[in-house]
Amino acid sequence: TLREALTRVRQLPPEDARRVAEQLLDALAHAHDRGIIHRDVKPENVIISRGTVILVDFGIARAILASAHENLTRSGMALGTCTYMSPEQIRGERTIDQRSDLYSLGSLLFECLAGRPPFQHKVEAVVLQKVLSEDPPLLRSLRPDTPPALASVIDRALAKDPHQRWPSARAMREALVE
């Protein structure tokens, strides 16, 4: 998994992180085109095999679809892994769209480059509060060799307001190759 790779190397070279991003964005675009929001994009759900990146474990997405789409979140229950959850997911908002997955991917890519997630603490509730109330650190302050364009794509993905993020996985992917 990507988690195992990060445990071993801590930080990916920027070009490797870009390749991971491109392939995950392709996978998310495919899912989003079919009305599926993953809701749990994290390193443990990414398998790397012979240079191919595979997004796995659509369990939360399947549970939402099987329960009349949004019943699991109507109660205000947040579903996902706290380190990678978008602010709207943490708040248990009823309408979660593809931009939530892009936030999670931004957190994952931040960790791939910085060697740590944007928000961390030993207490999960503190992580959740930080996601809601603090700006993430600037990626280039933690990893100066990150190409500015790549850092900018990740920074936009981590915007608190979903309307400030990329509108789609395809748009984010296109920005990676510009």
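Our subject is the structure that appears above.
Think of each chain on its own: its residues are numbered from 1, step by step along the sequence as written. Restriction of local features to residues with pLDDT of at least 70 applies here, the model being predicted, together with a cutoff of 80 or more for giving and counting side-chain atom pairs; totals for whole chains, interfaces and linings are based on all residues. Only hydrogens and water are set aside; all other atoms, that is, all heavy atoms of the structure, feed into the side-chain values.

A. Examining the overall build of the protein chain more closely. The numbering of helices and of strands both runs from the N terminus, where a helix is a DSSP run of H or I of at least 4 residues and a strand a run of E of at least 2. A count of helical and extended segments in the protein chain gives ten helices and two strands. Along the protein chain, helices and strands appear, N-terminal first, in the series α-α-β-β-α-α-α-α-α-α-α-α. When a residue's accessible area, from a 1.4 Å probe over protein chains only, is under 20% of the maximum for its type it is buried; when over 50% it is exposed; and in between it is partly exposed. The burial tally for the protein chain puts 47% of its 178 residues in the buried class. We get accessible surface area from the Shrake-Rupley algorithm with a probe of 1.4 Å; when it comes to residues, only the shown protein chains can shield them. About 8,500 Å² of surface is accessible on the protein chain, with carbon and sulfur atoms providing 52% of the total.

B. Focus on helix H1 (residues 2-9). Considered for burial, the residues of H1 that qualify are Leu-2, Ala-5 and Leu-6. Along the long axis of H1, the arc covered by the buried residues comes to 95°, so they all point the same way. Of the residues in H1, the exposed ones pointing more than 90 degrees away from the buried face are Thr-7 and Arg-8. On its buried face, H1 sits against helix H2 (14-33), strand E1 (46-49) and helix H6 (98-114). This arc is built from the directions going out from the helix axis to the C-beta atoms. Residue contacts follow a heavy-atom distance rule, with two residues in contact if any of their heavy atoms lie within 4.5 Å.

C. Molecular detail of the packing of helix H9 (residues 148-157) against helix H10 (residues 169-177). Contact geometry of H9 with H10 gives a least axis separation of 9 Å together with a crossing angle of 160°. As summarised for this structure, H9 and H10 are arranged roughly antiparallel, according to the angle between their axes. The two elements H9 and H10 meet at a crossing, and its hand is right-handed. When H9 is examined against H10, the residues Leu-150, Val-153 and Ala-157 are found in contact with a partner set consisting of Met-172, Ala-175 and Leu-176. Helix axes are fitted only over the stretch in contact, all axes being lines through C-alpha atoms; the angle between N-to-C directions runs from 0 to 180 degrees. For classification purposes, an angle smaller than 35 degrees is called roughly parallel, one larger than 145 roughly antiparallel, one from 65 to 115 roughly perpendicular, and anything else oblique. Here is the rule for handedness: rotate from the far helix to the near one, and if that takes an anticlockwise turn smaller than a right angle the crossing is left-handed, while a clockwise turn gives right-handed.

D. Region of interest: the environment of Asp-57. With respect to the secondary-structure elements, Asp-57 resides in the loop between strand E2 (52-55) and helix H3 (59-66). Its relative accessible area of 43% is what places Asp-57 among the partly exposed residues. Spatially, the C-alpha atom of Asp-57 lies 6.1 Å from that of Asn-45, the residues being twelve residues apart in sequence.

E. Structural detail: the pairing of E2. Burial of the side chains of E2 is restricted to one face: Val-53 and Leu-55 are buried, whereas none of Thr-52 and Ile-54 on the reverse face is. Examined bridge by bridge, E1 and E2 share four bridges and lie antiparallel to one another. Note that in E2 the partner of Ile-48 across the bridge is Val-53. The criterion for strand pairing is that DSSP finds at least two bridges linking the strands in question.

F. Quick peek at the nonpolar core. Here the nonpolar core consists of buried residues drawn from Ala, Val, Leu, Ile, Met, Phe, Trp, Tyr and Cys, with membership extended through side-chain atoms lying within 4.5 Å. Ranked by size, the top nonpolar core spans 41 residues in total, and within it Leu-2, Leu-24, Leu-105, Leu-108, Leu-109, Ile-154 and Met-172 carry the most contacts. Elements represented by at least two residues in this core include exactly H1, H2, E2, H6, helix H7 (124-133), H9 and H10. Top element by residues in this core is H6. It accounts for nine residues. Apart from the residues lying within four places of it in its own chain, the contact partners of Leu-105 are Leu-24, Leu-25, Leu-28, Val-41 and Met-172.

G. Region of the structure containing the side chain of Arg-143. Structurally, Arg-143 can be placed in the loop between helix H8 (139-142) and H9. A distance of 2.9 Å separates a polar side-chain atom of Arg-143 from the backbone oxygen of Leu-12. Non-local contacts of Arg-143, meaning those with residues more than four positions away in its chain, are made with Gln-11, Leu-12, Pro-13, Pro-14, Cys-112, Leu-113 and Ala-114. As used in this structure description, the phrase polar contact means that two N or O atoms lie within 3.5 Å; if the pair is within protein, one of them must be able to donate a hydrogen and the other to accept it, and residues adjacent in sequence are counted only when both atoms belong to side chains.

H. Spotlight on the pattern of salt bridges. Between Lys or Arg on one side and Asp or Glu on the other, a salt bridge is scored when a side-chain nitrogen of the former is within 4 Å of a carboxyl oxygen of the latter. Scanning the model with the defined rule gives twelve salt bridges in all. The residue Asp-33 makes a salt bridge to Arg-170 at a minimum N-O spacing of 2.6 Å. Taken together, the positions of Asp-33 in helix H2 and Arg-170 in helix H10 put the pair 137 residues apart, joining distant regions of the chain. Classification of Arg-170 by relative accessible area gives partly exposed; the value is 43%. Among the ionic pairs, Arg-143 bridges to Asp-145, the shortest N-O distance being 2.6 Å. Residue class for Asp-145 comes out partly exposed when judged on its relative accessible area of 48%.

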